[in-house]
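Residues per chain, in single letters:
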Amino acid sequence: MATSALGLSYSIISSKNEEAYGQTVKFYELLGFDRVIGNHESEGETELQQTWLRLKGGKQTSSLIIKIVLNPEVTLHRQEPLTTDKDWGLEDTLFVLNVPHLQPIMHTLTERDIPFQETTTSILIQDPNNNVIALSSKLNPVSEQPQQQLQEQRRKKIGILTSGGDASGMNACVRATVLYGISKGCDVYAVYEGYQGLVDGGDYIKKMDWRSVTGYLSVGGTSIGTARCMPFKTREGRLKAAENLIKNGIDSLIVCGGDGSLTGADVFRSEWGGLVAELFKTKRITEEEATIFQHLTIVGLVGSIDNDMSSTDITIGAVTSLHRICEAVDSVDTTALSHSRAFVIEVMGRHCGWLALMAGIATGADFVFIPERPPAEEDWETAMCNVAKRHRELGKRKTIIIVAEGALDKHLNPIKVDHIKDILSDRLGLDTRVTILGHTQRGGSPCAFDRILGTVQSVAAVDAVLASTPDKPSPMIGMNNNKVTTKPLMDAVKLTHEVAKAIESRNFERAMELRDPQFLDEYKVFNVTTILDDNSIELPDHQRLRIAILHIGAPAGGMNSATRAAVRYALNRGHTVYGVANGFSGLVRGCFEQLNWMDVDGWTTCGGSYLGTNRAVPGKDVDMGMVAYRLQKMNIQAVMLVGGFEAYASLVEIDKVRYEYPSLCIPMCLIPATISNNVPGTDFSLGCDTSLNVIVSASDAIVQSAQSSRRRVFVIEVQGGRSGFLAVEGGLAVGACAIYIPEEGIDLPRLQGDVQFLKGLYDTDDPQKSEGRVILRTESVSKTYTTKVISEILEDEGGARFDSRTAVLGHIQQGNTPSPLDRIRASRLAIHSIEFFEKHTRVALDKQQDAVELATGEESIAVIGLCGAEVHAKSIKTLLPTTDMKNRKPHHDWWHRDRALVDILSGRSYYSCIE
Ligand code: ADP
């Protein structure tokens, strides 16, 4: 066996004369080997002397390479073939080949009368040079040598580059690709400055090690640089790029960028064969290189702040950008309010209105303009003024209009901020200002969501590299319904380009369709909650409901946003809404207050609970009869709870006895809101994203403080009841080196292991550097191993290597201002809740207009939750068997899939290998 200069191995088989050489090539072709580039047997004497072959087929053998050479000087191991009466398997020089399937080979050999012997796991044959070959479809002790050889051959060299417009979370991609790639036995190279680095080569391509990406998670933009590269758009540029990849031994490329970058990636892969052939022909690469680098694996990650890629619900960087926009609009809001001004705010999005629409929902803007859905009215100026005027008449002191930079009217004329400003000033006399947010939207430090998204998608990208075969199209890693997906890259790019075309041809329906599925839902949410409708969606009198809203349990970001959206939509439908102060304990005291349009103005941006919240559960802490009495007295026809596990338990209790009380036979729903994210029936509760962001910023600050002066391990205590959600997802977002969660508990061996791991980490650190590290511990994980105790153990054990401190985040995790995602989720769930009430009361009310028992079906008491990106109502009856009532959580949590990643990316297995 030989090893090439590139570190890849192949086997050499020598033939003594031309006849044997020809027979040998044919013989191995019969076994399933294919000739590969570089075989030039007809092109002159010197080139007659070798043929490269590659075994195709099963995954495990896909890269097995042999070189057959004509060498008259060779001394053959055996001059004559072995006779069939001998056991060929006893020969001491077996050449073992792993093939995908033995059966077809046996068939071929029999057909051609080539003798072979069978063992239990292999067949034995002799090649024309009298070498005994053992063919096996299983990796077994006999095949130890080829197994090592295969592993070496399969060692992937992955390049990662970031390209096009920068997006927050690209660094999470680089970090996870490097760490996970290394943990999978690959070599990972960073290509600096996007495609420009690939074209320029040299120092722009650097091998990364575990430490190269320290600190990357919290840094916005991309630390390996990005560029717009014109040369890569030319074949000459791509030829240079291919040469640089091959010279560095890189056979796989992960590209993180927008649709332009991913188009470039696909062009590169589709031309690869031609580029390699040309490089070989012009002697820029060797025959061996041309053979080995026949295929390029490309995997795309979508880094784009616009969320403009089809086939994925969300792109890396979009949510961070939304954070910056909402912060800006929230700030402008206060000055607008003080001066009673109007603000016209331009946000990014040339072909995509995602940022504008989401910002509109999250900040409660009065109007949004997006490219995919121009205003329906010919005279949109008047329509906008009417809305602003109506809002002012209702008592609003501010007007906020959000405009995507690519906003259009229905004739494709651009809608520009200055024009809107003039209209508002001239027609309504409003003191109007324009704010163009510009590059602040690129993001800065990534929010928790983008860190997690970048991390899990990059892990999937490395897995896709390892699973790739030449016949598979290049994949793009996406996210659909909270699941990481792999789809053909080119299909996604094509669909994305279709949006622009659909807009150009004024096919706006199609443009909306091509967006992620919830875009349309969110568009509706904005319209029905933000614009006071002119009675066009009002229900007939007899279908109008009296709805009560209660907040239950600890406050969580988004409770107020949900209430605001529910009230506004309900009012537009003609319902009457009552806010109940302090949950069920307020309800039994009769604390109902009617809520009107302006009562909830501004609530979307406010954390905590304006209604007041309480943990009392009916039937346990307050009398069920009293609850029924109050609802009956107020003639309440639907109840919306916003809260955590106590709210869920309340519905469970009500569900048990509702048939005893006619007034409880009404639709009731729960919008899950708790930072612990432990309510069954939803992937995400309101508040949990806000909380993750608090943990991320607190942890960043803590690590920074240590980096300035100390080698220190912080044990950070997070909330979460008996759910490890915050520790697991927070751990992924901050790059924690350990997490302790209630689902696993803590014991001494675990602590000892972690102490050893930390000692190893600090021993291998640069002695000149101080390094802060973070452990996240869920508050309820252990009564014995408290946050303080763990920290003291670490302090003692760390000795001179490191010290330890604690940080208990406590109630700040409830957040001050809800995150944009929590606000948007709240609004969507609220609209679906009102629709749920209408659906379950319609039949009874149509039959009898003053019916009391409006909804008796078991599906009329449900959790309205997020199943991925979709909203679903799941009845208490169906959820109960999936609930661990004792531990107050679902039996199965989706986020457990991320648990192992926290450890892998902490370097646990990597450092134990190099110790
Ligand atoms: P984004 O990736 O953010 O959409 P661009 O459209 O500017 O950003 O593309 C980034 C880079 O991708 C370009 O500078 C160019 O190097 C490369 N690229 C874009 N389109 C192509 C293409 N059709 N062929 C080759 N390379 C391309």
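Residues numbered from 1 in each chain as written. Predicted model: local features only at pLDDT ≥ 70, side-chain atom pairs only at ≥ 80, totals over all residues. Heavy atoms only, no water.

**Student:** Whenever I open this one, the overall build of the chain confuses me. Can you help?
**Tutor:** Summing up its helical and strand segments, the chain has 28 helices and 34 strands in all. The C-alpha atoms of the chain give 33 Å as radius of gyration, which agrees with the globular expectation for 915 residues (29 Å, within 12%). When the backbone C-alpha atoms are referred to their principal axes, the chain occupies close to 105 × 65 × 65 Å. In the chain, once contacts between residues fewer than 6 apart in sequence are set aside, the share between residues at least 24 apart is 77%. A total of about 35200 Å² of accessible surface is found on the chain, and carbon and sulfur atoms cover 50% of it. (Helix = DSSP H or I, 4+ residues; strand = E, 2+ residues; numbered from the N terminus. Rg over C-alpha atoms; globule rule 2.2 N^0.38 Å. Contact = heavy atoms within 4.5 Å. Areas by Shrake-Rupley, 256 points an atom, 1.4 Å probe, with all protein chains shown as cover.)

**Student:** Would you explain empty space enclosed by the protein in this entry?
**Tutor:** Empty space among the atoms becomes visible once a probe the size of a water molecule is rolled across them. Applying the stated criterion across every chain yields a total of three cavities of 30 Å³ or more. Roughly 550 Å³ of volume is contained in the largest cavity. Around the largest cavity sit 31 residues that line it, and Ile314, Phe449, Phe684, Leu821 and Arg825 are the ones nearest its centre. For the lining of the largest cavity, the elements supplying multiple residues, two or more each, are α10 (354-363), α13 (448-467), α16 (518-530), α21 (688-709), α22 (725-734) and α25 (820-847). A per-class count over the lining of the largest cavity returns 18 nonpolar, four polar and nine charged. (1 Å grid on protein atoms, 1.4 Å probe; cavity = no way out; pocket = protein on both sides within 12 Å on 5 of 7 lines; lining within 4 Å. Points joined across faces, edges and corners; volume = space filled by probe spheres on them. Nonpolar A, V, L, I, M, F, W, Y, C, P; charged D, E, K, R; others polar.)

**Student:** Just checking my understanding: could you explain the sheet that holds strand β8 (residues 122-126) for this structure?
**Tutor:** Neighbouring strands of a sheet are bound in pairs by backbone hydrogen bonds; such pairs are parallel or else antiparallel. Read from one edge of the open sheet, four strands run β6-β9-β8-β7, paired in mixed fashion. Pairing within the sheet leaves two strands with one partner each, and these edge strands are β6 (94-98) and β7 (117-118). Pairing of β7 with β8 involves two bridges; the strand directions are antiparallel. Its bridge partner lying in β8, glutamate 118 is registered against isoleucine 123. On the sheet, helix α2 (residues 103-111) packs against β7, β8 and β9 (132-136) and is oriented at approximately 35° with respect to β8. (Pairing = 2+ DSSP bridges. Axes fitted to C-alpha atoms, helices over the stretch in contact; angles between N-to-C directions.)

**Student:** What is the right way to read the sheet that holds strand β17 (residues 399-404) from this model?
**Tutor:** The four strands lie next to each other as β16-β17-β15-β18, forming an open sheet whose pairing is parallel. Among the strands making up the open sheet, the edge pair consists of β16 (367-369) and β18 (432-436). When strand polarity is set aside, the average angle formed by the axes of neighbouring strands in this sheet is 15°. Bridge analysis of strand β15 (residues 342-347) against β17 gives six bridges, and the strand direction is parallel. Along β17, the bridge assignment pairs phenylalanine 343 with isoleucine 400. This element, α10, spans β15, β16 and β17 of the sheet and lies at about 160° to β17. Against the sheet, helix α11 (residues 380-393) makes contact with β15, β16 and β17, and its axis sits at roughly 155° relative to β16, the strand it touches most.

**Student:** Would you explain the nonpolar core in this entry?
**Tutor:** Taken as a class, soluble globular proteins show a tendency for nonpolar side chains to be buried jointly. Among the nonpolar cores identified, the biggest contains 178 residues, and Trp354 and Leu776 are the most heavily contacted of them. Those residues in contact with tryptophan 354 that lie beyond four places of it in its chain are Asp306, Asn307, Ile314, Ala318, Val319, Leu322, Asp516 and Phe519. Judged by nonpolar contacts, the second largest core, of 39 residues, contains Leu198, Val255, Leu262 and Ile298. (Core = buried A, V, L, I, M, F, W, Y, C linked by side-chain atoms within 4.5 Å. Buried < 20%, exposed > 50% of the residue type's maximum accessible area, 1.4 Å probe, protein only.)

**Student:** Where do I start with the pairing of strand β10 (residues 157-162) in this structure?
**Tutor:** When a strand is regular, its side chains alternate between the sheet's two faces. Within β10, six of the six residues are buried, leaving the element largely enclosed by the surrounding structure. Here β10 shows no split at all, with Lys157, Gly159 and Leu161 on one side and Ile158, Ile160 and Thr162 on the other all buried. Summarising the sheet, β10 and strand β11 (residues 187-191) pair through five bridges and their orientation is parallel. Following the sheet pairing, lysine 157 is matched in β11 by aspartate 187. This β-α-β element, β10 to helix α4 (residues 170-183) to β11, shows right-handed connectivity. Both β10 and strand β13 (residues 252-257) contribute to a ladder of five bridges, which runs parallel. Residue pairing for β13: leucine 161 is matched across the bridge by valine 255. (Right-handed = clockwise from strand over helix to strand, strands pointing away.)

**Student:** How should the pattern of salt bridges be read in this particular structure?
**Tutor:** On inspection of all chains with the given rule, the structure shows 47 salt bridges. Lysine 396 is paired through a salt bridge with aspartate 601; the nearest N and O atoms lie 4.0 Å apart. Taken together, the residues lysine 396 in the loop between α11 and β17 and aspartate 601 in the loop between β23 (592-594) and β24 (613-614) connect sequence positions 205 residues apart. Here aspartate 601 falls in the partly exposed class, since its relative accessible area comes to 21%. In this structure, lysine 620 and glutamate 653 form a salt bridge, with 3.8 Å as the shortest nitrogen-oxygen distance. On the criterion of sequence distance, the pair formed by lysine 620 in the loop between β24 and α19 (624-633) and glutamate 653 in helix α20 (residues 645-657) is long-range, its members being 33 residues apart. Judged by its relative accessible area of 61%, lysine 620 falls in the exposed class. Taken together, the shared-partner salt bridges connect Glu744, Arg750, Asp754, Arg899 and Asp903 into one network. (Salt bridge = Lys/Arg side-chain N within 4 Å of Asp/Glu carboxyl O.)

**Student:** Any chance you could explain the packing of aromatic side chains here in plain terms?
**Tutor:** The relation between two aromatic rings is expressed through the spacing of the ring centres and the mutual angle of the planes. What the rule picks out here adds up to 15 aromatic pairs. Between phenylalanine 232 and phenylalanine 268, the ring centres sit 5.2 Å apart and the planes meet at 65°, which makes this aromatic pair edge-to-face. Pair noted here: phenylalanine 232 is in the loop between β12 (205-207) and α6 (235-247) and phenylalanine 268 is in helix α7 (residues 259-281), with a separation of 36 residues, a long-range link. Judged on exposure class, the residue phenylalanine 232 and its partner phenylalanine 268 are both buried. Arranged with centres 5.3 Å apart and planes meeting at 50°, the rings of phenylalanine 645 and tyrosine 648 form a pair that is tilted. Linking phenylalanine 645 with tyrosine 648, this pair stays in helix α20, spanning three residues, or about one helical turn. (Phe/Tyr/Trp six-rings, centres within 6.5 Å; stacked < 30°, edge-to-face > 60°.)

**Student:** Which parts of the structure should I look at to understand the site of the ligand?
**Tutor:** Taken together, 16 residues form the shell around the ligand, and within it Arg228, Cys229, Gly258, Gly260 and Ser261 come nearest. In the model, an oxygen atom of the ligand is placed 2.7 Å from a nitrogen or oxygen of the arginine 228 side chain. At 3.2 Å, a side-chain N or O of aspartate 259 approaches an oxygen atom of the ligand. Here the ligand, which alone exposes 560 Å², has 80% of that area covered by the protein. Each residue belonging to the shell around the ligand can be placed in one class, and the counts come to four nonpolar, eight polar and four charged. (Near = heavy atom within 4 Å. Polar contact = N/O pair within 3.5 Å; in protein donor to acceptor, adjacent residues only side chain to side chain.)

**Student:** Honestly, helix α27 (residues 899-906) in this entry has me stumped. Any pointers?
**Tutor:** In an α-helix there are 3.6 residues to a turn, and that puts residues three or four apart on one side. When you tally the buried positions in α27, you get six out of eight residues, the bulk of the element. Within the sequence span of α27, burial applies to Arg899, Leu901, Val902, Asp903, Leu905 and Ser906. Phi turns positive, to about 95°, at glycine 907, one or two residues after α27.

**Student:** How should I be thinking about the packing of α13 against α22 in this particular structure?
**Tutor:** Helix packing for two helices is described by the angle between their axes and how far apart those axes are. Two numbers describe how α13 lies on α22: the axes approach to 8 Å, and their chain directions differ by 80°. One finds that α13 runs roughly perpendicular with respect to α22. For the pair formed by α13 and α22, the contact residues are Ala448, Arg451, Ile452, Thr455 and Val456 on the first element and Glu729, Leu732, Ala733 and Val734 on the second. Split into classes, the residues belonging to the contact of α13 with α22 amount to six nonpolar, one polar and two charged. (Parallel < 35°, antiparallel > 145°, perpendicular 65-115°, else oblique.)

**Student:** I'm lost on the domain arrangement of the chain in this one. Help?
**Tutor:** How large an interface is tends to be reported as the accessible area lost when its parts come together. The domains assigned to the chain are domain 1 (2-144), domain 2 (150-314 + 446-495), domain 3 (320-442), domain 4 (538-686 + 819-884) and domain 5 (691-816 + 899-910). Using only C-alpha atoms to locate each centre, domain 2 and domain 4 end up separated by 47 Å. With four residues of domain 2 at the interface, the matching set in domain 4 holds seven residues. Both faces combined, the contact of domain 2 with domain 4 buries some 370 Å², and carbon together with sulfur accounts for 56% of it. It is Phe449, Asn481 and Asn482 that lose the most area in domain 2 upon contact with domain 4, and together they represent 92% of the buried surface on that side. Between domain 2 and domain 4 we count zero salt bridges in total. Counting across the domain 2 and domain 4 interface gives two residue pairs in polar contact (both at pLDDT 80 or more). In terms of residue class, the side of domain 2 that touches domain 4 is made up of one nonpolar, two polar and one charged. (Domains from an automatic or database assignment. Buried area = accessible area lost by both parts, 1.4 Å probe.)

**Student:** Looking at this structure, I do not really get the pairing of β13. What am I missing?
**Tutor:** In terms of burial, β13 is a largely internal element, six of the six residues being buried. Of the two faces of β13, the one carrying Ser252, Ile254 and Cys256 and the one carrying Leu253, Val255 and Gly257 are both buried. Two strands pair when backbone bridges link them, and β13 and strand β14 (residues 297-302) are joined in this way by six bridges, in the parallel orientation. Looking across to β14, one finds that glycine 257 is bridged to valine 302.

**Student:** Whenever I open this one, the side chain of glutamate 381 confuses me. Can you help?
**Tutor:** Structurally, glutamate 381 can be placed in helix α11. Despite being buried, glutamate 381 has no salt bridge partner; arginine 427 is the closest side chain of opposite charge, sitting 5.1 Å away. Among the polar contacts listed, one links the side chain of glutamate 381 to the side chain of histidine 419, at a separation of 3.0 Å. Other than its neighbours up to four places away in sequence, glutamate 381 contacts His419, Ile423 and Arg427. (Lys, Arg positive; Asp, Glu negative; His and termini not counted.)

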